[in-house]
Every structure is written in C-alpha cells, then in structure tokens.
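Take a look at the letters that make up each chain.
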Amino acid sequence: MAASWLLKRWCSTAATETTKGTRWQRLVNSRAGVWCRSLLGDYKEACREAVLGARERPLKASVYLGLLGGMYACYYSNPDDASFETSLLETSNRLALLSPWIRRGTSDGHVQTLVKLRNEGRLRYASLGIASLTYYTDYDSESSLYEARCSAISVPWAELPKRVLDVGFAGRWWVLDHKMKDFDINEEEFKHLPPALVAAVPASPQITERNERLHQESWKAVVMEDESNELDDMDTTVKETESNCI
C-alpha cells in the first residue's frame, strides 16, 4: 500500500515538473519572451560599447561622468517647498528684530510681499528636477470661485516667467538671499546727508584696526609704579658710577 502511494506521488511530481518546464519554454519562445531577450541583448551591447569607449577616450568619459555626478548632486540638493517656507519665516523673524527705521527697504518689501502671498495661499512650488521655482497665482488652491476653477479662463503658462518669485538651486533660494543682502542698512537714511559726507572716503583697514586697538587699550586699568623702587634704582646707578670713576 505504501509502495503504491509513493509511486503515484513520484509520477505526479514528475508530471508537474514536465508541465512547468513546458510552460517556461512556451513563455521564453513567445513574442514577449523574444522581445525581452532582444531588449536585454541591446542593453548588454550598449554597456559593452560604453566600456570600450571609456577605455579608448578616458577624457570624454570623465567629462560625461562629471556631468552626471553634477546633475545628481543638483537633484539631491534641490530645495523643496518646505525649505522655502522655512527660509521665508527665518528671514521674516530676522527683520522683525530690527527697527523699521533700520531695515533695508528692498529686503523688507520683498519679504512682506512673500508673507502676504503665503497667508493668502497664493504661493506655488514647481520642481524641475535639478532646480525649483516659486511663483504666485491669483487665487487660493482651495478657492471655490468660478474664476479659480475654470480652466478656460486660467492664466496661460506663457505668463509663468512673469510670476516667478524665486529660483531654488544647489540647496539655496537665490532671489531671497540676494534681497536679504545688507538687510540691516537703510539706504534711505544716507540720501539726506551733505555732499561732503557722501563723498567721504572710508578709512582703510589699517587705520580701522589701529583705532580699535587704541579704543581697547583705553579701557585698561592704569598701572602706577612704586616711587621707592625708582629711588633705589637711582641710588644703585649712582653708586655704580662712583665705583667706576674711582
């Protein structure tokens, strides 16, 4: 009884393996299998030619590898919308610590415009792979107005360059960083100065360092020398002089 059961089990297993092998052969010889094999063969041949070309022209291969590495670095360091919002809030807080009379007008106006658009929900972010764009729209994304939902009267893509507010590349938002340059210097204050002060030449670095050193030395404590030590030194000097004369 056991021997017959084992024989049936072995026969069924062999038949199953034969069926599987037949199905695999059919799949390999089918159109999809032939297409996949030809595709893998093309990729294999392309890789072989690329290796041979790199050996024959190492300089050209190095340039291509450098470009690919640079593109990957730009893609990896491409800033997102969260980084722009973080940078915007940080710059807004830095300006809030200054008096309105000290802030630079260009920096303050640009940041205030961005903050207003953010509060209205009109800021948009677009990733280009190696770079990013921040632009504004006319309506909030959650607005239910007909003008905001109808695609027929929406703003065309040709006007996108006019609506771009910032460009993100290599982990930085370049327009925002440029606008925040010298944000604590109000240029409007210097427009009312006399011409003589406006045309004055700033001091050289050497003079500035000397003035700073003198200012630091002026805060040091005055050291008074003992008069008795000076008299003793004078007596010793006189005695040495007399002994030399004798």
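Described in the following lines is the structure provided in the data block. Keep in mind it's a predicted model, so treat the numbers as computed, not measured.

### Side note on the overall build of the protein chain
Scanning the protein chain from N- to C-terminus turns up 11 helices and 4 strands. Considering the protein chain as a whole, with its 246 residues, one finds that 15% of them fall into the buried category. Expressed as a percentage of contacts within the protein chain between residues at least 6 apart in sequence, the contacts between residues at least 24 apart total 62%. Split by element, the accessible area of the protein chain, about 20200 Å² in all, is 60% carbon and sulfur.

### Remarks on the packing of helix α4 (residues 81-96) against helix α5 (residues 105-119)
One way to put it is that α4 packs onto α5 with a least axis distance of 10 Å and a crossing angle of 130°. In terms of their interaxial angle, α4 and α5 are classed as oblique. Our pair here, α4 against α5, has a crossing hand that is left-handed. Between α4, through Phe84, Glu85, Leu88, Leu89, Thr91, Ser92 and Leu95, and α5, the contact on the second element is made entirely by Ser107, Asp108, Val111, Leu114, Val115 and Arg118.

### Section: the pairing of strand β2 (residues 132-136)
Most of β2 is tucked away: 4 of the 5 residues are buried. Of the strand pairs in this sheet, strand β1 (residues 123-127) and β2 are connected by 5 bridges, and their pairing is antiparallel. Following the sheet pairing, Arg124 is matched in β2 by Tyr135. Taken together, β1 and the strand that follows it, β2, pair antiparallel across an intervening segment of 4 residues, in which Gly129 is found at a positive phi of about 95°. In terms of strand pairing, β2 meets strand β3 (residues 164-169) through 4 bridges, oriented antiparallel. Looking across to β3, one finds that Ser132 is bridged to Gly168.

### Here's the deal with the packing of aromatic side chains
Within the structure shown, the criterion is met by 3 aromatic pairs. On the basis of an interplanar angle of 25° and a centroid distance of 6.3 Å, the ring pair of Tyr72 and Tyr76 is categorised as stacked. Taken together, the residues span about one helical turn, with Tyr72 and Tyr76 both in helix α3 (residues 58-76) at a distance of 4 residues. By the burial criterion, Tyr72 is exposed, and Tyr76 matches it. With centroids separated by 4.9 Å and ring planes inclined at 70°, the aromatic side chains of Phe84 and Trp173 adopt a geometry described as edge-to-face. Remark: Trp173 occurs in strand β4 (residues 172-173) and Phe84 occurs in helix α4; sequence separation between them is 89 residues. Judged on exposure class, the residue Phe84 and its partner Trp173 are both buried.

### Things to note about the sheet that holds β4
On the basis of which strands lie adjacent, the open sheet formed by 4 strands has the order β1-β2-β3-β4 and antiparallel pairing. Each edge of the open sheet is held by one strand with a lone partner, namely β1 and β4.

### Let's talk about the environment of Tyr72
Judged by relative accessible area, Tyr72 falls into the exposed class, the value being 55%. For the pair Tyr72 and Gly129, spaced 57 residues apart in sequence, the C-alpha to C-alpha distance is 9.5 Å.

### Some points on α4
The first and last C-alpha atoms of α4 sit 23 Å apart over 16 residues, in line with the 22 Å expected at 1.5 Å per residue. If you check which residues of α4 are buried, you get Phe84, Leu88, Thr91 and Leu95. The buried residues of α4 occupy an angular sector of 70° when projected down its axis, which confines them to one face. Facing away from the buried side of α4 by more than 90 degrees, the exposed set consists of Asn93 and Ala96. In the core, the buried residues of α4 are packed alongside α5, β1, β2, β3, β4 and α8 (174-179).

Procedures and definitions
Residues numbered from 1 in each chain as written. Predicted model: local features only at pLDDT ≥ 70, side-chain atom pairs only at ≥ 80, totals over all residues. Heavy atoms only, no water. Helix = DSSP H or I, 4+ residues; strand = E, 2+ residues; numbered from the N terminus. Buried < 20%, exposed > 50% of the residue type's maximum accessible area, 1.4 Å probe, protein only. Contact = heavy atoms within 4.5 Å. Areas by Shrake-Rupley, 256 points an atom, 1.4 Å probe, with all protein chains shown as cover. Axes fitted to C-alpha atoms, helices over the stretch in contact; angles between N-to-C directions. Parallel < 35°, antiparallel > 145°, perpendicular 65-115°, else oblique. Left-handed = near helix turned anticlockwise from the far one by under 90°. Pairing = 2+ DSSP bridges. Phe/Tyr/Trp six-rings, centres within 6.5 Å; stacked < 30°, edge-to-face > 60°. Expected span 1.5 Å × (residues − 1). Arc of directions from axis to C-beta.

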